[in-house]
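Descriptive structure summary
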Amino acid sequence: APWMNEGHASLFENASVDSRGKVSIDEDPANVQLLIDNIETAVTFLPSLLQATYADFYAGTAGQRSFKYALAWGLAYYLQKGAPQERNTTFKNILPDFAAALAETHDYREATAQAFKDLDISVFQSNFREFWLKRRGNARHFDPFEK
């Protein structure tokens, strides 16, 4: 799915590897700023991003594409580093559910639908907004590669 593919590509552009081989995923300052400056638009656009085809994702002006990349990056960052720390949500299951559905269906649109099928999208949007505006501090230090 474009949100998964481009979001994680952008996410790992800011990854660093130390001398011991430990990978760290850091925030992208430009994407953070673009996302926060446009948070209400981003939250409203999330369902469309999740349904976007590759043609949809790459369409538009340079500014519109930058926004979609920032939102996809923000979604990947949230799902990797924010959602796993939240209590009483199933959002931490989105990525493994997407991967399992994709392996089964080989259809990114169906995999997205399955990964989000039991979620209240308005609650997800609200948590995403709150994460970016108020709760991302702990995520900066969270390592999604450590279990």
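These notes cover the structure that comes with them. (Residues numbered from 1 in each chain as written. Predicted model: local features only at pLDDT ≥ 70, side-chain atom pairs only at ≥ 80, totals over all residues. Heavy atoms only, no water.)

1. Focus: the pattern of salt bridges
Threshold: One side-chain nitrogen of Lys or Arg within 4 Å of one carboxyl oxygen of Asp or Glu is enough to make a salt bridge. Only DSSP runs of H or I covering at least 4 residues are called helices, and only runs of E covering at least 2 are called strands; the numbering of each starts at the N terminus.
Scanning the entire structure with this criterion turns up five salt bridges. A salt bridge links Glu-27 to Arg-136; the nearest nitrogen and oxygen atoms lie 2.6 Å apart. Residue Glu-27 is located in the loop between β2 (23-25) and α2 (29-37), and its partner Arg-136 is located in the segment after α8 (121-135); the two are separated by 109 residues in the primary sequence. In this structure, the salt-bridge partner of Arg-129 is Glu-40, at a minimum N-O distance of 3.0 Å.

2. Considerations on the packing of α2 against helix α5 (residues 62-82)
Packed helices, taken two at a time, are described by the angle their axes make and the gap between the axes. What counts here: Fitted lines through C-alpha atoms give the axes, limited to the stretch in contact for helices. The angle between two N-to-C directions lies from 0 to 180 degrees. We call two directions roughly parallel when the angle between them is under 35 degrees, roughly antiparallel when it is over 145, roughly perpendicular when it lies between 65 and 115, and oblique otherwise. Whether two residues are in contact is decided by their heavy atoms: any pair within 4.5 Å suffices. The nonpolar class holds Ala, Val, Leu, Ile, Met, Phe, Trp, Tyr, Cys and Pro. Asp, Glu, Lys and Arg form the charged class, and all remaining residues, Gly among them, are polar.
One way to put it is that α2 packs onto α5 with a least axis distance of 9 Å and a crossing angle of 100°. On the basis of their axis angle, the class for α2 and α5 is roughly perpendicular. For the pair α2 and α5, contact is made by Asn-31, Val-32, Leu-34 and Leu-35 and by Ser-66, Phe-67, Ala-70, Leu-71, Trp-73 and Gly-74, respectively. Tallied by class, residues from the contact of α2 with α5 come to seven nonpolar, three polar and no charged.

3. Structural notes on the side chain of Thr-89
For clarity, the threshold we go by: A 3.5 Å cut-off defines polar contacts: any pair of N or O atoms within that distance qualifies, except that in protein one atom must be a possible hydrogen donor and the other a possible acceptor, and neighbouring residues in sequence count only when both atoms are side-chain atoms.
Here Thr-89 shows up in the loop between α5 and α6 (94-105). Of the polar contacts made by the side chain of Thr-89, one reaches the backbone nitrogen of Phe-91; its length is 3.4 Å.

4. Notes on the environment of Leu-35
Stated formally: Relative accessibility under 20% of the residue-type maximum defines a buried residue, over 50% an exposed one, and the middle range a partly exposed one, all with a 1.4 Å probe and only protein chains included.
The topology assignment puts Leu-35 in helix α2. For Leu-35, a relative accessible area of 1% translates into the label buried. C-alpha separation for the pair Leu-35 and Leu-79, spaced 44 residues apart in sequence, amounts to 15 Å. When residues no more than four places from it in sequence are discounted, the contact partners of Leu-35 are Ala-42, Ala-70, Leu-71, Gly-74, Phe-128 and Trp-132.

5. Quick look at unusual backbone geometry
Residues apart from glycine generally show negative phi values, whereas peptide bonds are mostly found in trans. Although it is not a glycine, Asn-88 adopts a positive phi angle of roughly 60°. Examined against the element boundaries, Asn-88 turns out to sit in the loop between α5 and α6. Unusually for a residue other than glycine, His-106 sits at a positive phi of about 60°. Positionally, His-106 belongs in the loop between α6 and α7 (108-116). Note on His-106: relative accessible area 69%, which makes it exposed.

6. Digging into the packing of aromatic side chains
Threshold: Within 6.5 Å between ring centres, the rings of Phe, Tyr and Trp (the latter by its six-membered ring) count as paired, and their orientation is classed by plane angle as stacked under 30 degrees, edge-to-face over 60, tilted in between.
Inspection of the entire model under this criterion finds 18 aromatic pairs. Centroid distance Tyr-77 to Phe-131: 6.3 Å. Interplanar angle 45°. Geometry classified as tilted. Within this pair, whereas Tyr-77 is found in helix α5, its partner Phe-131 is found in helix α8, the two being separated by 54 residues in sequence. A single burial state applies to Tyr-77 and to Phe-131, both of which are buried. Residues Phe-128 and Trp-132 carry aromatic rings whose centres are separated by 6.5 Å and whose planes lie at 65° to one another, so their mutual orientation is edge-to-face. Highlighted residues: Phe-128 and Trp-132, both in helix α8, separated by four residues, approximately one helical turn. The burial state of Phe-128 is the same as that of Trp-132; both residues are buried.

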